[in-house]
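Spelled out from the first residue to the last, the chains are:
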Amino acid sequence: MRHPIKKFGTAAMAVSLFLCVFPCGCTKKNDKKTAITDEAGLVLSGTMPGSLPEGLSWYDFEESAEVFDQIASKIGEYYVTDIKVHNGRTWAFVDEYNAERPSQHIMSFDKDGLMITDSVIDRESGNDISLESLIAGDRLYLEGYDYSKDSNVLFAVDETTGKAVPDSRISLSEFISRDDYIHSCAFAGDDLALLVIGSSSYCVKTVDIKSGNVKKNIDIKDVQKNFNIQYFEGFMAAGSGKVILWGNTSMNMYFGQIRYIVLDLVTGQGRALDEYEFINIPLRNLSSFGGTLVSTTDTGLYKIDLDNGSCELMMSFNLSNCNRFLVNNSELTYFDDDMMVFYYSSRTASAGQLQNALCTFTRSDSYPAADKKILTVASTEDLDYGISEAIMKFNEQSDSSYILFDGRYKANTNIDYSNTDSTDTAALSSLGAYASVSDRLAMDITSGNGPDIIITSGANEQLSNSDYFIDLSEFIKSESGINKDEYFMNVFEASKYNGLLYQLPIGFYVDGFIGTEEYFGGKNGLAFDEYLDMVGSVCNGSDPLYDHQLSYSRTKVATTLFANMNELFIKDGKIDVRNEAFRAILDYCKDLPARSYTENMDLYTDAEDFYYGADKMPVKPCRVNGFYDFELYAGSHENVTLCGYPSVDGRTASVGSDIALSISAQSEDPASCKEFLKILLSDDIQRTLEINIPVSRKCAKDLFLDEIRSHNSSVDEGYNDSVFAGHSKKIDESLAGRYIDQLSAASTSCFVYNSISMIIYEEIPAYFEGQKSFDDVADTINDRAQTVLNERK
């Protein structure tokens, strides 16, 4: 990074310094104003140390599908119910799809992924083992259900033959009443803990396995109430005499958060894990190994010891050239100080993309990053598989540079466990988080302490400025080496701000309506009056933008339409919403219900109305992230068309991105940053994108055709388990061409003004409720928003 180009006031600089982590002397310093370190103490600037300091280790990373290739070769179509690494072997519990009758297998593999045993479980024997495997001490168990005796059971696995041992049967249902059921179980020391749910109980029972006696019966209704848990999803061992219960704070998946509760099996008292003073990390992907808790975060693996009151970093992902997407979307299935194994599975991966893998970290004496110049990458979002793979590829190929991840800028990291089921509350929280992250990025970049490369959700107007990011228009035009006929150039154009490309989308989505050409009158965009006519004639008066946009309220709709028409209201640093375009937005939204369709809806008990009601809508709001979204509608409609949300001038569907990349205006090595962008635009990486559609037209179409051919092959072979589940007929390959054409037609630029959107959220309800006139609301928005814009000059 270069020297600072701007100065901030004393208070602002104090905030910047307060938020920084100070150096631990692990890398060579450069002349940055403040040395920033990562979680392992590596300084995020200069060059990597020639050797790692004492206490730090490098971990080799291997991503392997060998086990799953062997399963497919042996039995064909399959589904992995569970995987565990135990006593030097990988154990897989697998459902076979194309057998004459349903079959389940217990398979084991050696450290090289070669199959050792394959035991078929005979369902006709009376034992239907269909749940998950458990490891207790030095024994491996299968948990299942015996339908002949209406009982939950555990069977030990003979680790020589791989077979379940009938004589080892432990019947769990004898410990509960007939009206209750066992939700899940976990081994806590020598005891077995059962989570019991039913009409007469909501409790945790502990059972002495040897004697068969129930030792404790702990009612957890008060625990559930005290910590705002709507329902428990399971639990795990958490040290001496403790288990972790976890559950969701809402019955509505659009608002809920997972919360972990420590239950003392002696006292019966519960305490939220996030309230322990020594826990200072995000609690996500929590696992348990012999009572030791392990949390997988964006930056590494942390070991939590409740007995000793400690939370320590065990491995930093910056000290391994690994795919962070895989490990952050996987189950940790084995853990010790020298090796960690993750199981990754994707039911949404396209044909040809990674669907199952074992990801292994092994402590190593090697250290390939020694003395390389540091480039830093930061992200406000979760990383995509393709971006993670590109970072690995860059680090492997570059002789001089090494990418480290700067984890300071993740948005939405603060969790509100009280979690009011309100669309507007959630939206304001999100806007506030992104506004805060944007402010911090702007401050850090201009003070010389920001990252070299920044990944955002794109369309951030505050950061679209030459003080922060470089213009990548010329890069796309003449430096990237791409064939413009093979890329969605409309996506790059729509992503420009004031004619300059500060945020380069690596993948994209299209947001608008999906319907037929006839429904939209042959257009890709409708003005407000045309849209309302369509609602009346096609949708029988039921507005699809509200009714089935899942989590939209009328305030959310208004801010979305404002973003889609942003350049009509903000020009050259001046805002004016006292005009007919903004009035048209508010007058349209005023007639929508105040609350979102899903607020206060229990999506478990109201699922039929929610899911099947949406299918009855002839026109649907749809954020198209991939071919599946388009094909799902095309399964029952001809001439599928993407249309923009209503606007004053009939705009197309809007283009957005969850994975847009920018290069800091203060980077000392923009050439290396551009080499990284070239890797991201390459066919190898474009084909691997998970979150969004590739910006390569060629790769996008190839992926879609692969999907169609895979689906059609499944139909030929009699399967109905392709990604397009529920469609038993073949798909015409010409649909991929129409899909590409519709994506190419999207041209609306949707720039989000986070701070100004918050002001709109706060002010427009007064107009909706008739408390203020349009002019009064517009004037207040103008005054408040102009103050925000003036502060940025």
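Predicted model, so just to flag it, every value in this text is computed and none were measured.

*Asks:* What exactly am I supposed to notice about the sheet that holds strand 19 (residues 292–296) here?
*Replies:* Pairing between the strands of a sheet comes from backbone hydrogen bonds, and it takes one of two forms, parallel or antiparallel. Strand order across the open sheet formed by 4 strands is 18-19-20-21, with antiparallel pairing between neighbours. The open sheet has two edge strands with one neighbour each: strand 18 (286–289) and strand 21 (310–316). Averaged over all pairs of adjacent strands, the angle between their axes in this sheet comes to 30°, without regard to strand direction. Sheet analysis places strand 19 next to strand 20 (residues 300–305), joined by 4 bridges and oriented antiparallel. Opposite V294, over in strand 20, you have K303 as the bridge partner.

*Asks:* Can you walk me through the pattern of salt bridges in this structure?
*Replies:* Scanning all chains against the criterion turns up 35 salt bridges. In this structure, D382 and K410 form a salt bridge, with 2.7 Å as the shortest nitrogen-oxygen distance. Here the residue D382 occupies a position in the loop between strand 25 (373–379) and helix 5 (385–397), and K410 occupies one in the loop between strand 26 (401–406) and helix 6 (423–446), the gap between them amounting to 28 residues. Residue classification places K410 among the buried residues on the basis of a relative accessible area of 18%. Its salt-bridge partner being R578, residue D775 comes within 3.1 Å of it at the nearest N-O pair. With D775 in helix 21 (residues 774–791) and R578 in the loop between strand 31 (574–575) and helix 12 (580–590), this pair connects stretches of sequence that are 197 residues apart. Judged by relative accessible area, D775 falls into the partly exposed class, the value being 28%. We classify R578 as partly exposed; its relative accessible area is 42%.

*Asks:* Even after reading the chapter, I still don't get the environment of I258, so can you show me in this structure?
*Replies:* Along the polypeptide, I258 turns up in strand 16 (residues 258–264). For the pair I258 and W246, spaced 12 residues apart in sequence, the C-alpha separation works out to 6.6 Å.

*Asks:* Would you mind going over the nonpolar core with me for this structure?
*Replies:* In globular proteins that are soluble, nonpolar side chains generally tend to be buried together. Judged by nonpolar contacts, the single largest core of 61 residues is most densely connected at L504, F508, L661, F676, L680, L681 and F704. Tallying contributions element by element places helix 15 (residues 670–681) first for this core, with 6 residues. What L680 contacts, discounting residues up to four positions off in sequence, is G386, I387, A390, I506, L661, I685 and Q686. One finds Y409, A459, C539 and I570 within the second-largest nonpolar core, a separate group that totals 60 residues.

*Asks:* For this particular structure, what's the right way to read unusual backbone geometry?
*Replies:* If a residue is not glycine, its phi is most likely negative; likewise, a peptide bond is most likely trans. Even without glycine at this site, N498 takes up a positive phi of about 55°. Along the chain, N498 falls in the loop between helix 8 (489–494) and strand 28 (504–505). Classification of N498 by relative accessible area gives exposed; the value is 70%. The backbone of N540 shows a phi angle near 55°, a positive value even though the residue is not glycine. As for its position among the elements, N540 is in the loop between helix 9 (528–537) and helix 10 (544–547).

*Asks:* For this particular structure, what's the right way to read the pairing of strand 5 (residues 115–121)?
*Replies:* Every regular strand shows the same layout, with side chains that alternate between the two sheet faces. The sheet contact formed by strand 4 (residues 103–109) and strand 5 spans 6 bridges and is antiparallel. Paired with Q104 across the bridge in strand 5 is I121.

*Asks:* What am I meant to see in the sheet that holds strand 11 (residues 191–198) here?
*Replies:* Taken in spatial order, the 4 strands line up as 10-11-12-13 in an open sheet, and their pairing is antiparallel. The sheet is open, and its two edges are formed by strand 10 (180–188) and strand 13 (213–219), each paired on a single side. The mean inter-strand angle of the sheet, taken between neighbouring strand axes irrespective of direction, is 25°. The pairing of strand 12 (residues 202–208) with strand 13 spans 6 bridges and is antiparallel.

*Asks:* For this particular structure, what's the right way to read the environment of I575?
*Replies:* With respect to the helices and strands, the residue I575 is situated in strand 31. Judged by relative accessible area, I575 falls into the buried class, the value being 9%. In sequence terms I575 and N782 are 207 residues apart; their C-alpha atoms lie 6.2 Å from each other. The residues contacting I575, other than those within four sequence positions of it, are F569, I570, I756, N782, A785, Q786 and L789.

*Asks:* Whenever I open this one, helix 2 (residues 66–75) confuses me. Can you help?
*Replies:* The α-helix advances 3.6 residues per turn, and as a result positions three or four apart in sequence lie on the same side. Those residues of helix 2 that sit buried are V67, F68, Q70, I71 and I75. End-on view of helix 2: buried residues confined to an arc of 155°, all on one side of the axis. Where helix 2 terminates, the next one or two residues include G76, which has phi positive at roughly 80°.

*Asks:* How should the side chain of N564 be read in this particular structure?
*Replies:* Among the structural elements, N564 can be located in helix 11 (residues 554–564). You can call N564 buried: its relative accessible area is 8%. Aside from chain neighbours lying at most four places away, what touches N564 is Y645, R651, S654, T748, S749 and C750.

*Asks:* What is the right way to look at the confidence of the model for the protein chain in this model?
*Replies:* When pLDDT drops low, the exact placement of atoms in the prediction is not to be read closely. Looking at the protein chain, the pLDDT average stands at 84 and 85% of residues meet or exceed 70. The least confident element of the protein chain, judged by mean pLDDT, is helix 1 (residues 10–19) at 32; the most confident is helix 15 at 97. Considering only residues more than four positions removed or in separate chains, one finds that residues 607–614, a stretch of pLDDT under 50, has 18 contacts. The low-confidence segment residues 721–726, where pLDDT is below 50, has 16 contacts with residues more than four positions distant or belonging to other chains.

Definitions and cut-offs
Residues numbered from 1 in each chain as written. Predicted model: local features only at pLDDT ≥ 70, side-chain atom pairs only at ≥ 80, totals over all residues. Heavy atoms only, no water. Pairing = 2+ DSSP bridges. Helix = DSSP H or I, 4+ residues; strand = E, 2+ residues; numbered from the N terminus. Axes fitted to C-alpha atoms, helices over the stretch in contact; angles between N-to-C directions. Salt bridge = Lys/Arg side-chain N within 4 Å of Asp/Glu carboxyl O. Buried < 20%, exposed > 50% of the residue type's maximum accessible area, 1.4 Å probe, protein only. Core = buried A, V, L, I, M, F, W, Y, C linked by side-chain atoms within 4.5 Å. Contact = heavy atoms within 4.5 Å. Arc of directions from axis to C-beta. pLDDT = per-residue confidence, 0-100.

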